[in-house]
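# Secondary and tertiary structure notes
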Amino acid sequence: MLKSIACGDVRASNIGQTVTLAGWVHRRRDHGNLVFIDLRDSGGIVQVVFNPETAPDAHAAAEDVRNEWVIQVTGEVTKRPPGTENPNLPTGDIEVAAAGAVVLNPSKTPPFYVNEQSDVEELLRLQFRYLDLRRPAMREAIVLRHRVVKYIRDFLDRRGFLEIETPILIKSTPEGARDYLVPSRLHPGRFYALPQSPQQLKQLLMVAGFERYFQIARCFRDEDPRADRQPEHTQLDLEMSFVDEEDVLALAEELFTAVVEELVPDKAVIKPFPRLTYAESMARFGTDKPDLRFGLEMADLSDIAASTDFQVFRSVLERGGIVKGFRAPGCASYSRREVDGLVEFVKSRGAQGLVSIALMGEGGSLEELGQDQVRSSAARFLSLDQVKEIARRTEAGIGDLVLIIAGPSKSTNLALSLLRHEMGRRLGLGDPNLLAFAFVTDFPLFERNEEEERWDAMHHAFSMPKEGHEKLIESDPGAVVGRIYDIVCNGEELASGSIRNHKRELQERIFKVLGYTHDEVDARFNQLLTALDYGAPPHGGIAPGIDRLMMILYGRENIRDVIAFPKTQSGFDPLFEAPAEVEQSQLDELHIRVVPEG
RNA sequence: GGCCCCGUGGUGUAGCGGUUUAACACACUGCCCUGUCAAGGCAGAGAUCGCCGGUUCGAAUCCGGUCGGGGUCGCCA
């Protein structure tokens, strides 16, 4: 080793020892004679003093050194002179008096500050990610990520799970996300696909009798990235045999709770995790991934709206839409400008508009509310009684602002739920140290795809219907509830899972509703269906997203902040500059001809 | 594919039609300085304002396009 101790490990107990350190120059303070260097390595920072009188050669070397140079220093650990201790450093009681110094490698001036946590354009950080990763915020994220994954592995190992790898080169399956394709040299014109998840593989492992499987699995989806989505992401994929929902949920709850309590003890979780059904979640929060750190629950106002003369409401309802709203506490005093801002917010998220009702005044009960206290663009269409009823439903009081959206159910719920989260954020209602995990259960098995006029799988095609719902599969697909569950936390979907079909006949009926022809099923799912014929055990599982879990544990709003080498929103890797063109010979070998765009 | 925001020395920002030889902080270079720890002092170098085109007597500043980044809707079983 080029060092005898890590920079961050030097303590008062080492005083008198001669140590060799190696690391990066974090900061240099040159007093002309005395030179101080804060030397940094993966373990921390320690101050090194270069004295020209006692060590002229080392001092001369230190004069030349600049930020981020890599140096090796040998010297004695000494107690700092009284009054010069630095309480901000764990190593602040001591320093190393350099006797010798060697420059192991100089550095160019970095393109941004490595030694301070200043904001830097993210593209530049990604181009020089290896420098960005030297900074504490990124470093801590990567270290925590390691601990979380290690904890998960140990936790599952103790419970009899086996970690089993599955192929990265697999087969494209229809539906779901767009696949990343890999051309085959040995089979011209044929392609592997990168797995969107090891779904079928883990089910086959259950048929193989492993009973408890998990994998820290990389998953690939060729769709547009987002703040919480990357083209490739990591899942804790796990599957168990001979279980029902309760077994999977109990395990997941125990795991997540333990991870938080052991690794991020300053964050709190709600125990036990609240549970709500999909229908409940949609009704109360307009989304299947509600932020439960605060209330502001939604109320259906359709019946009240129907009794008004407000044409906007009536026409929406005539077309089968809904009218729904929630309260923004204390926001009655919002200015015209602020309210307009909220209107813009929902319009940019698919709503036609926003009706707000401000209940002006301070204190007093709803009963005493006067017409003069109601401020709303729809005021002249609403009777005082109707306003009061709307307030009662949304639990709004004097001083609150009721926000209402009318429109088709899907887009209205979406915009309203985004507005709810936005208001929660603006009003600071979400405790940043609370991780409000919850289970959302009983998802529909099928979802109507209006454009394509067909039924899609809401979750995926392999989930089992709830008991008693099999008979509805063909007659009323939309009414079939699946044995499907999600874990959500603070408005993010963290995990998704289900009890799977282990009977071929049932699985084939579901494929049929999804519109697959016999040939398509045979081509894509034959391996799974055939396996079900050979004694497939009842089984189910769940797949938490590790990146999103890390966002929540580390308190980041961006998935790139918890990934060592992420891609931009256009799927570009600024460090390697991938994707890139390849040699013509490589294309020839793969029998690929590139058609120029346009 | 749609919508919104951003793009000025190395970094972060200011300037938003002429008074700008584009300002400030930090970084950088040189000199001074024996106890600093975001060390300090003095001096200096460094950007034609992402790119293309237009409007104008005059554009970093206005307009259009384009490229790149971010956010979002679509998409993401």
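Since this is a predicted model, take the numbers as computed values, not measurements. (Residues numbered from 1 in each chain as written. Chains lettered and ligands numbered in written order. Predicted model: local features only at pLDDT ≥ 70, side-chain atom pairs only at ≥ 80, totals over all residues. Heavy atoms only, no water.)

Quick look at the overall build of chain A now. Check the secondary structure of chain A and you find 17 helices and 24 strands. Seen through its principal axes, chain A has C-alpha atoms that stretch 90 × 75 × 55 Å. Relative to its full complement of 598 residues, chain A shows a buried share of 49%. For chain A, long-range pairs separated by at least 24 residues make up 68% of all intrachain contacts whose partners lie at least 6 apart in sequence. Summing over all exposed atoms, chain A offers an accessible surface of approximately 29,700 Å²; the carbon and sulfur share of this is 50%. Charge separation in chain A, taken as the distance between the mean sites of 70 positive and 93 negative side-chain charges, equals 1 Å. (Helix = DSSP H or I, 4+ residues; strand = E, 2+ residues; numbered from the N terminus. Buried < 20%, exposed > 50% of the residue type's maximum accessible area, 1.4 Å probe, protein only. Contact = heavy atoms within 4.5 Å. Areas by Shrake-Rupley, 256 points an atom, 1.4 Å probe, with all protein chains shown as cover. Lys, Arg positive; Asp, Glu negative; His and termini not counted. Charge placed at Lys NZ, Arg CZ, Asp CG, Glu CD.)

This next bit is on the pairing of strand S15 (residues 355-359). The buried fraction of S15 is high, at five of five residues. Burial of S15 is two-sided: the residues Val355, Ile357 and Leu359 facing one way and the residues Ser356 and Ala358 facing the other way are all buried. As paired strands, S15 and strand S17 (residues 401-407) are joined by four bridges and run antiparallel to one another. The residue bridging Ala358 from the neighbouring strand is Leu401, located in S17. Both S15 and strand S16 (residues 374-376) contribute to a ladder of three bridges, which runs antiparallel. What sits directly across from Leu359, in S16, is Val374. (Pairing = 2+ DSSP bridges.)

Turning our eyes to something else, we now look at the packing of helix H14 (residues 504-513) against helix H15 (residues 518-532). Relative to each other, H14 and H15 sit at 160°, their axes nearing to 10 Å. On the basis of the axis angle, H14 is roughly antiparallel to H15. The two elements H14 and H15 cross, and the hand of that crossing is right-handed. For the pair H14 and H15, the contacting residues are Arg504, Gln507, Glu508 and Phe511 in the first and Val521, Phe525, Leu529, Thr530 and Leu532 in the second. In terms of residue class, the contact of H14 with H15 is made up of five nonpolar, two polar and two charged. (Axes fitted to C-alpha atoms, helices over the stretch in contact; angles between N-to-C directions. Parallel < 35°, antiparallel > 145°, perpendicular 65-115°, else oblique. Left-handed = near helix turned anticlockwise from the far one by under 90°. Nonpolar A, V, L, I, M, F, W, Y, C, P; charged D, E, K, R; others polar.)

On to unusual backbone geometry. Note that the residue after Lys271, namely Pro272, is joined by a cis bond; omega there is -10°. The linkage connecting Ala578 with the following residue, Pro579, adopts the cis geometry, with an omega of 0°. Structurally, Pro579 can be placed in the loop between helix H16 (546-554) and helix H17 (584-589). Even without glycine at this site, Asp442 takes up a positive phi of about 60°. Here Asp442 lies in the loop between strand S19 (437-441) and strand S20 (446-449). A positive phi angle, close to 60°, is found at His591, a residue other than glycine. If you trace the backbone, His591 turns up in the segment after H17. By relative accessible area, which is 51% here, His591 ends up exposed.

Attention shifts here to the domain arrangement of chain A. Assigned domains of chain A: these are domain 1 (7-105), domain 2 (139-275 + 438-562) and domain 3 (294-429). Here the C-alpha centroids of domain 2 and domain 3 sit 37 Å apart. (Domains from an automatic or database assignment.)

Another point: helix H11 (residues 384-394). Gln386, Val387, Lys388, Ile390, Ala391 and Thr394 are the residues of H11 that are buried. Those residues of H11 hidden inside the fold are in contact with strand S13 (299-300), helix H8 (302-306), strand S14 (322-328), S15, S16 and S17. Downstream of H11 by one or two residues, Glu395 has phi in the positive range, about 60°.

Across the sheet, five strands lie side by side as S13-S14-S17-S15-S16; this open sheet has antiparallel pairing. Edge positions in the sheet fall to S13 and S16, since each of these pairs with one other strand and no more.

Here the focus is the protein's contact with RNA strand B. Taken together, 49 residues lie around RNA strand B, and Glu53, Thr84, Tyr113, His459 and Gln569 are the ones closest in. Among the atoms of RNA strand B lying within 4 Å of the protein, the sugar-phosphate backbone contributes 53%. Between RNA strand B and the protein, one listed contact pairs a phosphate oxygen with a backbone N or O atom of Ala227 at 3.2 Å. Those elements that provide at least two residues to the surface near RNA strand B are strand S1 (18-30), strand S2 (35-41), helix H2 (122-127) and helix H12 (409-426). Its residues assigned to classes, the surface near RNA strand B shows 14 nonpolar, 17 polar and 18 charged. (Near = heavy atom within 4 Å. Polar contact = N/O pair within 3.5 Å; in protein donor to acceptor, adjacent residues only side chain to side chain.)

Counting buried residues along strand S3 (residues 44-50), six of its seven residues qualify, which places the element largely inside the surrounding structure. Two strands pair when backbone bridges link them, and S2 and S3 are joined in this way by seven bridges, in the antiparallel orientation. Residue pairing across strands places Arg40 opposite Ile45, the latter belonging to S3. Linking two consecutive strands that pair antiparallel, namely S2 and S3, is a turn of two residues. Two strands pair when backbone bridges link them, and S3 and strand S5 (residues 94-105) are joined in this way by two bridges, in the parallel orientation. Within the sheet, the bridge partner assigned to Val48 lies in S5 and is Val96.

A separate point is the sheet that holds strand S23 (residues 492-499). With mixed pairing, eight strands are arranged side by side in an open sheet as S6-S9-S10-S24-S23-S22-S19-S12. Both edges of this open sheet fall to strand S6 (162-163) and strand S12 (275-277), since each of them pairs with a single strand only. The pairing of S12 with S19 spans three bridges and is classified as parallel. Among the inter-strand pairings, Arg275 is bridged to a residue of S19, identified as Phe439. Of the strands in this sheet, S12 and S19 are in contact with helix H7 (residues 278-285), which crosses S12 at around 90°. Each of strand S10 (232-241), strand S22 (484-489), S23 and strand S24 (539-544) is contacted by H16, which is oriented at about 140° to S23, the strand it contacts most.

Interhelical geometry of helix H4 (residues 136-158) versus helix H6 (residues 245-263) gives an angle of 140° and a closest axis separation of 10 Å. Classified by the angle between their axes, H4 and H6 sit oblique to one another. Seen from above, H4 lies across H6 with right-handed handedness. Each of Leu144, Arg147, Val148, Tyr151, Ile152, Phe155 and Leu156 in H4 lies in contact with H6, whose residues at this interface are Leu251, Glu254, Leu255, Ala258, Val259, Glu262 and Leu263.

All right, on to the environment of Gln527 then. Of note, Gln527 is situated in helix H15. Considering only alpha carbons, one finds Gln527 and Glu122, 405 residues apart in sequence, at a separation of 44 Å. Excluding its chain neighbours within four sequence positions, the residues that come into contact with Gln527 are Gln200 and Leu204. Among the polar contacts listed, one links the side chain of Gln527 to the backbone oxygen of Arg524, at a separation of 2.8 Å.

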